[in-house]
Amino acid sequence: IPGLFFSLYGPVTAKTAFLFILPQYNVSVPTADGELVQYHYGLKDLVTILFYIFIAIILHAVVQEYALDKINRRLHLSKVKHSKFNESGQLVAFHLTSVIWCLYVVVTEGYISNPRSLWENYPHVYLPFQVKFFYLCQLAYWLHALPELYFQKVRKEEIPRQLRCIALYLVHIAGAYLLNLTRLGLILLLLQYLAEFFFHMARLVYFTDENNEKLFNVWAVVFVVTRLFTLTLYILVMGFGLPRVENQTLDPERGNFFTCLFSTPTRMSVLLLVCLFQASVMWRFIHFQLRRWREYWNEQSSRKRAAATAGTKQQAKPLKRDSGYHENGVVKAENGTSPRTKKLKSP
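Residues numbered from 1 in each chain as written. Predicted model: local features only at pLDDT ≥ 70, side-chain atom pairs only at ≥ 80, totals over all residues. Heavy atoms only, no water.

Concerning the overall build of the protein
On a plain count of helices and strands, the protein comes out with 9 helices and 4 strands. Put simply, the protein runs from its N terminus to its C terminus through helices and strands in the order α-β-β-α-α-α-α-α-α-α-α-β-β. Per-residue burial over the protein gives 34% buried out of 347 residues. For the protein, restricting intrachain contacts to residue pairs at least 6 apart in sequence, the fraction spanning at least 24 positions comes to 69%. (Helix = DSSP H or I, 4+ residues; strand = E, 2+ residues; numbered from the N terminus. Buried < 20%, exposed > 50% of the residue type's maximum accessible area, 1.4 Å probe, protein only. Contact = heavy atoms within 4.5 Å.)

A few points about the nonpolar core
Among the nonpolar cores identified, the biggest contains 49 residues, and Tyr135, Trp142, Leu186, Tyr193 and Leu242 are the most heavily contacted of them. Taken together, the elements giving at least two residues each to this core come down to helix H2 (45-75), helix H3 (79-108), helix H4 (129-151), helix H5 (159-178), helix H6 (182-208), helix H7 (214-241) and helix H9 (264-315). With 12 residues, the top contributor of residues to this core is H4. Counting 9 residues, the second-largest nonpolar core is a separate cluster that includes Ala195, Phe216, Ala220 and Val222. (Core = buried A, V, L, I, M, F, W, Y, C linked by side-chain atoms within 4.5 Å.)

Section: H2
The end-to-end C-alpha separation of H2 is 42 Å, in line with the 45 Å expected for 31 residues at 1.5 Å each. Along H2, the sharpest change in direction is near 40° and occurs at Gln64. All of the buried residues in H2 are Asp45, Thr48, Ile49, Tyr52, Ile53, Ala56, His60, Gln64, Leu68, Asp69 and Asn72. Directly beyond the C-terminal end of H2, a positive phi value near 55° is found at His76. (Expected span 1.5 Å × (residues − 1). Bend = angle between axes of the 7 residues up to and from the residue.)

So, the pairing of strand E2 (residues 34-39)
Consecutive side chains of a regular strand alternate in pointing toward one face of the sheet and then the other. As paired strands, strand E1 (residues 26-31) and E2 are joined by 6 bridges and run antiparallel to one another. Counterpart to Pro30 in the pairing with E2 is Glu35. Hairpin geometry of E1 and E2 is characterised by an intervening segment of 2 residues between the two adjacent antiparallel strands. (Pairing = 2+ DSSP bridges.)

Concerning the UniProt feature "transmembrane region" (unreviewed entry) in the protein
The UniProt entry lists residues 49-68, 89-113, 218-242 and 268-286 under the feature "transmembrane region" (unreviewed entry), expressed in the numbering used here. The distance separating the terminal C-alpha atoms of residues 89-113 is 33 Å; by composition the span is 80% helix and 0% strand. Counting secondary structure, residues 268-286 comes out at 100% helix and 0% strand; the distance between its end C-alpha atoms is 27 Å. (UniProt positions renumbered as here; feature names shortened; annotations may be inferred.)

Quick word on the packing of H3 against H4
Relative orientation of the contacting elements H3 and H4 amounts to 165°, with a least axis distance of 11 Å. With respect to H4, the element H3 is oriented roughly antiparallel. Crossing handedness for the pair H3 and H4: left-handed. Together, Gln90, Leu91, Phe94, His95, Ser98, Trp101, Cys102, Tyr104, Val105 and Thr108 of H3 and Gln130, Val131, Phe133, Phe134, Cys137, Gln138, Tyr141 and Trp142 of H4 make up the contact between the two elements. Considered class by class, the residues forming the contact of H3 with H4 number 12 nonpolar, 6 polar and no charged. (Axes fitted to C-alpha atoms, helices over the stretch in contact; angles between N-to-C directions. Parallel < 35°, antiparallel > 145°, perpendicular 65-115°, else oblique. Left-handed = near helix turned anticlockwise from the far one by under 90°. Nonpolar A, V, L, I, M, F, W, Y, C, P; charged D, E, K, R; others polar.)

Some words on the pattern of salt bridges
On inspection of all chains with the given rule, the structure shows 5 salt bridges. Here Arg203 makes a salt bridge to Glu87, at a shortest N to O gap of 3.6 Å. One end of the pair, Arg203, is in helix H6; the other, Glu87, is in helix H3, with 116 residues separating them in the sequence. Here the two residues Arg203 and Glu87 agree in accessibility, since each one is buried. A salt bridge links Arg155 to Glu158; its shortest N-O distance comes to 3.3 Å. Residue Arg155 is classed as partly exposed on the basis of its relative accessible area of 31%. (Salt bridge = Lys/Arg side-chain N within 4 Å of Asp/Glu carboxyl O.)

Structure representation (structure tokens):
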């Protein structure tokens, strides 16, 4: 009976399982070495994303249960620090995994060794398996972060900030995926995740030891470098690379949105918006660093004042008081005898 059931319904269940587990819309693209299997996007990707949303929720719970909760019990953090510690711990695990995975993809696909591949042969409709699977997993992770706000019982004050962060990531990742700018999106995600990893790692170290802020200095350097690379990459690809693409006609069916989004006036507007956004990010970063340094120097000065006050108290010695009490200007002992030493009479 089990064999009959599998022979009748096995192929159907296998196809349904593949719909959830594996990326869909694979095509065979002819190349010089033969045929190459690649993928494009479609509505069935939503089913795959839904499946990996549940996988992300399970992995989130595993990291929380077997790593973060055990550390929290040892640190005895307050409620506010406890919430921030859990947030940074989850994002450190995610960003580290994404940086390693994204770096492997861009290196094996040759996007770093050949920067021209970021805009050559646009639109990049057909994707390698690892590129499409990476984007589906990224969308699944940031969509799973929405129900996690309820599961983790995030404070109401923190929800708007986290919603903005989730929305920005979803817009950028989905935009690069749907507009066939996946190669540029991979490099930008690699830079962004690298800076975010150092920031949340520095927060974890700070929560364990509040006197250790060295990783914040490392994050500050990495953040500035990644912002410069991001801005340079935007200008290089959108300002100089994409305008030289041969196919300049609008063809949404083939995935070419170049004329609609990257014509000369629109391209300059996009570059201006990108520059303004990066400038606002840098301004917030500089404001944060100035506030942090101001608090650091105020703390150092207060410690120095406290140490100087303690030193002066130790140097000041108490005055010796004569034993007894004064009466009419004469010091008398407590027992009524004179405190002066008596002279012995000579025999």
